[in-house]
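Single-letter residue listing:
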Amino acid sequence: MEILKTGQIHTALVEGYSSEGCGVVRLNGAVVFVPRALRGERIDLKILRVMKSHALGELVKIHTPSPERAAPDCPYFGKCGGCDFRHLSYAEELWAKRQRVQDALTRIGGSDVLVENILGAKNPDHYRNKCQYPVGPRGEIGFFQARTHQVVPVERCLLQPEVCDRTAHAVGSWMKRYKIPAYDESTGRGLVRHIYVRTNRRGESLCCVVVNGRKVPREAELAALVLAAAPKTLGVVLNVNTKRGNVILGGQYRTLWGQDFLMDTLCGLEFKLSVPSFYQINREQAEVLYDQALEFAALTGEETVLDLYCGAGTITLCLAKRAKRAIGAEIIPAAIRDARENAARNGVVNAEFFCGDAAETAAMLEAEGLRPEVVTVDPPRKGLSPEVIASVAAMKPDRIVYVSCDPGTLGRDVKLFAGEGYRALQAVAVDMFPGTRHIETVVLLSREDVSQIP
């Protein structure tokens, strides 16, 4: 068998997609990942790098183009690291994402559950309601190049509402006009680090400028330029972050003009959103996601529901509308404060919230004898710890609804739950992030000894 070598040219058929969105080719028993190659295409590829488990290739020539191939509609595609799939049709993007989830559940999770559907977005563009623009050391405003901290200047991003781009560039105009220095992460010097814009359903916005200091010059002029660019701006906020590192927001805020929050509606509930509030990026698809989670929860109004990693209580409050009692847990104190305020604001009296680590909170509630009929979990990308899985299983809920933003850790955790007697019965993918490789999944798990689900 010929060993792959750097620089070789091969002709091969693209079989599918990797988790990063690359085309997958098999050569001489080895897997080769080829960026921008589409399933079904016969291509020439050049071997760029050979690793132990796979190789990286470069697309040289397409002999038989896929009918799903599309001309990228963004001039920054391939330069900025935001999008992965602007070179193919949306239908093919959904196929790739559904297959990614299925592969993770089958190969990593060892499960026979089928991903029965993927729920695509009606509007695949302009969906982000929170936009964060890094500022380069020379004042560039845009997004990081993939796997670097090199800022690619971007005038218009197809994932963001236009008002966000206008706001960000208004801040850039203020910097140029008044010679406000940008932050240079290599030296730790300079002032403006990020521009953060949050929008709501009504088109109103909140602008936050993240700076390496406690004040900025020409504050009134900054607010005036932002308002001129985005008249529906409700507030301009300064965030202080003097620490070196990748964390965007610091812990101190000061309102320069207007208010430091905006209101939005989700699933018929009203939420108050400050700059640090957790909120789903894609409002429309979040409602699709939560509706799917509620369908799997199969609530009748008599259940107690435990919601771990509840954030500002969005899923918890949706569950509370259909349950007898809903309990939310989250480790971030500010999120719990938001959750309690959101419950009061919406007149939800059957929801309560605990601030604490998910594993410790689950163990505490289990020790107190809590036996929820349904447990929902919506963890970060790292998934659940074995301790959380053990504590949840010890409560013996009839159903577990797992909302995941990472297919790999989802597969791992489904396998761990199987070891605790919980089997995955249904799975549906929800495309929260069109254009990118990211995908959300909702999985229903049930105790093996429960004969049927109501």
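Scoring rules and cut-offs
Residues numbered from 1 in each chain as written. Predicted model: local features only at pLDDT ≥ 70, side-chain atom pairs only at ≥ 80, totals over all residues. Heavy atoms only, no water. Salt bridge = Lys/Arg side-chain N within 4 Å of Asp/Glu carboxyl O. Helix = DSSP H or I, 4+ residues; strand = E, 2+ residues; numbered from the N terminus. Buried < 20%, exposed > 50% of the residue type's maximum accessible area, 1.4 Å probe, protein only. 1 Å grid on protein atoms, 1.4 Å probe; cavity = no way out; pocket = protein on both sides within 12 Å on 5 of 7 lines; lining within 4 Å. Points joined across faces, edges and corners; volume = space filled by probe spheres on them. Nonpolar A, V, L, I, M, F, W, Y, C, P; charged D, E, K, R; others polar. Pairing = 2+ DSSP bridges. Phe/Tyr/Trp six-rings, centres within 6.5 Å; stacked < 30°, edge-to-face > 60°. Lys NZ or Arg CZ within 6 Å of the ring centre and 35° of its normal. Contact = heavy atoms within 4.5 Å. Core = buried A, V, L, I, M, F, W, Y, C linked by side-chain atoms within 4.5 Å. Axes fitted to C-alpha atoms, helices over the stretch in contact; angles between N-to-C directions. Left-handed = near helix turned anticlockwise from the far one by under 90°.

A.B. asks: Help me understand the pattern of salt bridges in this model?
C.D. replies: Oppositely charged side chains can pair when the atoms bearing their charge come close. Under the criterion given, the structure shown has 24 salt bridges. Glu93 is the partner of Lys97 in a salt bridge, and the nearest nitrogen-oxygen pair spans 2.8 Å. A residue pair is termed a helical-turn pair when its members lie 3 or 4 positions apart in one helix, as Lys97 and Glu93 do in helix H1 (residues 90-108) at 4 residues. The pair Lys97 / Glu93 is uniform in exposure class, with both members buried. Between Arg325 and Glu352 there is a salt bridge, and its shortest N-O distance comes to 2.8 Å. Residue Arg325 is found in strand S18 (residues 325-330), and its partner Glu352 is found in strand S19 (residues 351-355); the two are separated by 27 residues along the sequence. For Arg325, a relative accessible area of 32% gives the class partly exposed.

A.B. asks: How should I be thinking about the layout of surface pockets in this particular structure?
C.D. replies: Where empty space is left in the structure can be found by rolling a water-sized probe over the atoms. Computed from the structure, the second largest pocket encloses a volume of approximately 440 Å³. Lining the second largest pocket are 18 residues, with Tyr17, Ser18, Val24, Asp103 and Arg107 sitting closest to its centre. If you list the elements that add at least two residues to the lining of the second largest pocket, you get strand S2 (16-17), strand S3 (23-27), strand S4 (30-34) and H1. Partitioning the lining of the second largest pocket into residue classes produces 8 nonpolar, 5 polar and 5 charged.

A.B. asks: I would appreciate a short explanation of the pairing of strand S1 (residues 9-13) in the present structure.
C.D. replies: Each regular strand carries side chains that alternate between the two faces of the sheet. Of the two faces of S1, the one holding His10 and Ala12 is buried and the one holding Ile9, Thr11 and Leu13 is not buried anywhere. Where S1 lies against strand S5 (residues 42-50), 5 bridges are found, and the strand directions are antiparallel. By the bridge assignment, His10 is partnered in S5 with Leu45.

A.B. asks: Please explain the pairing of strand S23 (residues 440-447) as it appears in this structure.
C.D. replies: Across the 8 residues that make up S23, a large majority, 8, are buried. A two-sided burial pattern is seen for S23, the buried positions comprising Glu440, Val442, Leu444 and Ser446 on one face and Thr441, Val443, Leu445 and Arg447 on the other. Pairing between strand S21 (residues 399-404) and S23: 6 bridges, direction antiparallel. Note on S23: the bridge partner recorded for Ile400 is Leu445.

A.B. asks: I'm lost on unusual backbone geometry in this one. Help?
C.D. replies: Positive phi, close to 60°, is recorded for Arg218, a residue that is not glycine. With respect to the helices, strands and loops of the structure, Arg218 is situated in the loop between strand S12 (205-211) and helix H3 (219-229). Non-glycine residue Lys396 carries a positive phi angle of around 55°. Following the sequence through the fold, Lys396 ends up in the loop between helix H8 (386-394) and S21.

A.B. asks: Help me out: how do you make sense of the packing of aromatic side chains in this one?
C.D. replies: The geometry of two aromatic rings is summed up by the distance between their centres and the angle between their planes. Inspection of the entire model under this criterion finds 4 aromatic pairs. Consider the rings of Tyr17 and Trp95, whose centres lie 6.2 Å apart with planes at 65°: the pair is edge-to-face. A residue pair is termed long-range when its members are at least 10 positions apart, and Tyr17 in strand S2 and Trp95 in helix H1 qualify at 78 residues. Between Phe417 and Tyr422, the ring centres sit 6.4 Å apart and the planes meet at 75°, which makes this aromatic pair edge-to-face. Above the face of the Phe261 ring, Lys272 is positioned so that its terminal group lies 4.7 Å from the ring centre.

A.B. asks: I keep staring at the environment of Ala223 and nothing clicks. Help me out?
C.D. replies: Residue position: Ala223 is located in helix H3. Assessed through its relative accessible area of 5%, Ala223 is described here as buried. The sequence separation of Ala223 and Val236 amounts to 13 residues, and the corresponding C-alpha distance is 6.3 Å. Leave out the neighbours within four places in its chain, and Ala223 touches Val236 and Trp257.

A.B. asks: When you look at the nonpolar core in this model, what are you seeing that I'm missing?
C.D. replies: For soluble globular proteins, nonpolar side chains are generally found buried alongside one another. Ranked by internal contacts, the top residues of the largest apolar core, which has 86 residues, are Tyr133, Trp174 and Val192. Not counting the four nearest positions on each side in its chain, Tyr133 is found in contact with Ile141, Gly142, Phe143, Gln160, Cys164, Asp165, Ala168, Arg193, His194, Ile195 and Val197. Counting 35 residues, the second-largest nonpolar core is a separate cluster that includes Ile327, Ala329, Ala359 and Val392.

A.B. asks: When you look at the sheet that holds S5 in this model, what are you seeing that I'm missing?
C.D. replies: Backbone hydrogen bonds are what pair the strands of a sheet, in a parallel or an antiparallel way. Ordered by their spatial adjacency, 6 strands build an open sheet running S1-S5-S6-S4-S3-S2, and the pairing between neighbours is mixed. What marks the edges here is a single partner per strand, and that holds for S1 and S2.

A.B. asks: Is there a simple way to explain the packing of helix H2 (residues 162-177) against H3 in this structure?
C.D. replies: In helix packing, the relevant descriptors are the interaxial angle and the interaxial distance, both defined with respect to the helix axes. Packing of H2 against H3 leaves a shortest axis separation of 8 Å and a crossing angle of 145°. Where H2 crosses over H3, the handedness of that crossing is right-handed. Seen from H2, the contacting residues are Arg166, Thr167, Ala170, Val171, Ser173, Trp174 and Arg177; seen from H3, they are Glu221, Leu222, Leu225, Val226 and Ala229. Grouping the constituent residues of the contact of H2 with H3 by class yields 7 nonpolar, 2 polar and 3 charged.

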